[in-house]
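Each chain, letter by letter, is given below.
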Amino acid sequence: MIQPLAIGILSAGLLLGAWTGFQAWRRRPTTEAQMVGAIVLEVALLVQAVVAIIGIIGGRELTEPVTFVAYALGILLPLPLGFYLARAERTRWGSLSLCFTAVVVAVMTLRLLQLWQAGRV
Amino acid sequence: MSDHRAVEPDSAPAVPGEDGDDTPPTGPRRVLIALYAVFALAATARGIVQIATKFDDAPLAYLLSLFSGVVYIAATVGLVTNRRWSRPLAWAAVGTEMVGVLTIGLASIFDSSAFPHDTVWSRFGAGYGYVPIILPVLGLMWLWQTRGQRPENLTTK
C-alpha cells in the first residue's frame, strides 16, 4: 500500500463528503464536478486495491490479512452506491447519500492504513 | 479537483432547491438505503471474517456480528423493494435492530466479560461512530412518517 496515495484518498473522501454535505445543506442535487470527483476517487481506490493485493502476494506480513483484503475490496463498493443514488435522486437527498458514502470511504481508508501498519513488527 | 461544470450544461432538469421539508419520501428513503447497505456490508463481512478466522475466541460476539449483518440486509431489502411484504419486513428488521442495539449496548456495558470482543452493536455502536444507535431511530421515524403511503394502498382509499 502506498501511504501518500492512502492519505490522498482519505483527504479526498473527507473533502468530497464535506462538499456534497454542503450541497445537501443548500438543498441542491450533486453537481457534475462532484460526480466526476466520485469517479476519480473510485479509480484511486481501484489502484490502491491492486497495489495492496500485489503487496500481500509480494510477501507483506500482516497480523490480520483476511480483514485487510476484505477492507481493500469492500472499500470499492460504497462509492458506486452513493453515485447511483445521487444520480437517481436529483435532490438534496442524493447529495446526502453521496456525502455519507464518501465519508465511509475515508473511514475505511484509515482502517486500511492501521491494518497495514499493524503488520510491521 | 478542477471544476467541470462549465463543459456541460446541467443536463438533468433537476428540481432545483426543492424545499426540503416537504420533499417526497423517496429522498430520505434513498439516504436510508445508503446507510443500511453500507452497514449490511460492514457487519456481514465482519461476522464472516471473524467466524472464519477465529471463531473459538468469542463465539457469541461473532455470531452476533453475523446476526446484525443479516438484520441490516433484511432492512435494506425492505427499503429497496416495493412489494406487499416490503414494509412489514422493514418494520421487523428495523425493530429487531433497535432492540438488538439497546440490548447488546447495555449488556456490553454492564457485563463486559460476556463481550470481550466488540460487535457492531457493542457499547451502542461506539466503534462505528454511534451510527448503529442512530440508524434504527431514523429508520423507525421514516417508516412511521410514511405509513400508509404504499402505492397499493392509494387505490383503495
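Parameters and conventions
Residues numbered from 1 in each chain as written. Chains lettered and ligands numbered in written order. Predicted model: local features only at pLDDT ≥ 70, side-chain atom pairs only at ≥ 80, totals over all residues. Helix = DSSP H or I, 4+ residues; strand = E, 2+ residues; numbered from the N terminus. Rg over C-alpha atoms; globule rule 2.2 N^0.38 Å. Buried ≥ 20, exposed ≤ 12 C-beta atoms within 10 Å, placed from the backbone. Contact = placed C-beta atoms within 7 Å. Expected span 1.5 Å × (residues − 1). Arc of directions from axis to C-beta. Axes fitted to C-alpha atoms, helices over the stretch in contact; angles between N-to-C directions. Parallel < 35°, antiparallel > 145°, perpendicular 65-115°, else oblique. Nonpolar A, V, L, I, M, F, W, Y, C, P; charged D, E, K, R; others polar. Core = buried A, V, L, I, M, F, W, Y, C linked by C-beta atoms within 7 Å. pLDDT = per-residue confidence, 0-100. Left-handed = near helix turned anticlockwise from the far one by under 90°.

Notes on the overall build of chain A
At step 1: When helices and strands are tallied, chain A shows five helices and zero strands.
At step 2: Reading chain A from its N end, one meets helices and strands in the order α-α-α-α-α.
At step 3: Taking 14 Å as the expected radius of gyration for a compact globule of 121 residues, we find that chain A reaches 15 Å, a close match to that expectation.
At step 4: Put simply, chain A has 121 residues, and 45% of those count as buried.
At step 5: Of the contacts made within chain A by residues no fewer than 6 positions apart, 76% connect residues no fewer than 24 positions apart.

Overview of the environment of B:Val101
Residues and elements named next belong to chain B.
At step 1: By secondary structure assignment, the location of valine 101 is in helix α3 (residues 86–110).
At step 2: Owing to 25 C-beta atoms within 10 Å, valine 101 belongs among the buried residues under this scheme.
At step 3: Along the sequence, valine 101 and valine 120 sit 19 residues apart, while their C-alpha atoms lie 8.4 Å from each other.
At step 4: Here valine 101 is in contact with Trp121, Phe124, Gly125, Pro132, Ile133 and Pro136, once residues within four sequence places are set aside.

Brief notes about helix α2 (residues 32–57) of chain A
All names here are of chain A.
At step 1: With 26 residues, α2 ought to run about 38 Å at 1.5 Å a step, and its terminal C-alpha atoms sit 38 Å apart, in line with that.
At step 2: Those residues of α2 that fall on the buried side of the exposure criterion are Gln34, Gly37, Ala38, Leu41, Leu45, Gln48 and Ala52.
At step 3: The inward-facing, buried residues of α2 abut α1 (3–25), α3 (65–74), α4 (78–88) and α5 (92–118).
At step 4: Positive phi shows up at glycine 59, right after α2, with a value of about 105°.

Structural notes on unusual backbone geometry
The general pattern is negative phi for most residues beyond glycine and trans for most peptide bonds.
At step 1: Here the phi dihedral of A:Arg27 falls at roughly 60°; this positive angle occurs in a residue that is not glycine.
At step 2: Note that A:Arg27 resides in the loop between α1 and α2.
At step 3: On the neighbour-count criterion, A:Arg27 (18 C-beta atoms within 10 Å) is partly exposed.
At step 4: One non-glycine residue, B:Phe124, lies in positive phi territory at about 55°.
At step 5: Residue classification places B:Phe124 among the partly exposed positions, given that 18 C-beta atoms sit within 10 Å.

Looking at α4(A)
At step 1: Taken together, the buried positions of α4(A) are A:Pro78, A:Leu79, A:Gly82, A:Phe83, A:Leu85 and A:Ala86. One side of α4(A) carries all its buried residues, which in axial view fall inside an arc of 170°.

Quick look at the packing of α4(A) against α5(A)
All names here are of chain A.
At step 1: Packing of α4 against α5 leaves a shortest axis separation of 8 Å and a crossing angle of 170°. Viewed along their axes, α4 and α5 adopt a mutual orientation that is roughly antiparallel. Together, Pro78, Leu79, Leu81, Gly82, Phe83, Leu85 and Ala86 of α4 and Gly94, Ser95, Ser97, Leu98, Phe100, Thr101, Ala102, Val104 and Val105 of α5 make up the contact between the two elements.
At step 2: Residue composition of the contact of α4 with α5, grouped by class: 11 nonpolar, five polar and no charged.

So, the nonpolar core
At step 1: If you look at the biggest cluster of nonpolar residues, it comprises 61 residues, and the most contacted ones within it are A:Leu112, B:Leu35, B:Tyr36 and B:Phe39.
At step 2: Within the residue set of this core, elements represented by two or more residues are α1, α2, α3, α4 and α5 of chain A together with α1 (26–54), α2 (59–80) and α3 of chain B.
At step 3: Residues contacting B:Tyr36, with those up to four places away along its chain left out, are B:Tyr72, B:Ala75, B:Thr76 and B:Leu79.

Let's talk about the confidence of the model for chain B
Fine structural detail should not be taken from predicted coordinates in areas where pLDDT scores are low.
All names here are of chain B.
At step 1: For chain B, mean pLDDT is 80; residues scoring 70 or higher make up 77% of the total.
At step 2: Within chain B, the lowest mean pLDDT, 42, falls on helix α5 (residues 151–156), and the highest, 94, falls on helix α4 (residues 131–145).
At step 3: Counted against residues more than four places away or in other chains, residues 1–24, with its pLDDT under 50, gives 24 contacts.
At step 4: Considering only residues more than four positions removed or in separate chains, one finds that residues 152–157, a stretch of pLDDT under 50, has two contacts.
At step 5: Per the prediction output, this complex has pTM 0.83; the corresponding ipTM is 0.89.

With respect to the packing of α1(A) against α2(A)
Residue and element names in this part refer to chain A.
At step 1: Contact geometry for α1 and α2: axes closest at 10 Å, N-to-C directions at 155°. Taken together, α1 and α2 sit at an angle that is classed as roughly antiparallel. Classified by chirality, the crossing of α2 by α1 is left-handed. Facing α1, whose interface residues are Leu5, Ala6, Ile9, Ala12, Gly13, Leu16, Trp19, Thr20 and Gln23, α2 presents Gln34, Gly37, Ala38, Leu41, Ala44, Leu45 and Gln48.
At step 2: When the residues that make up the contact of α1 with α2 are grouped by side-chain class, the tally is 10 nonpolar, six polar and no charged.

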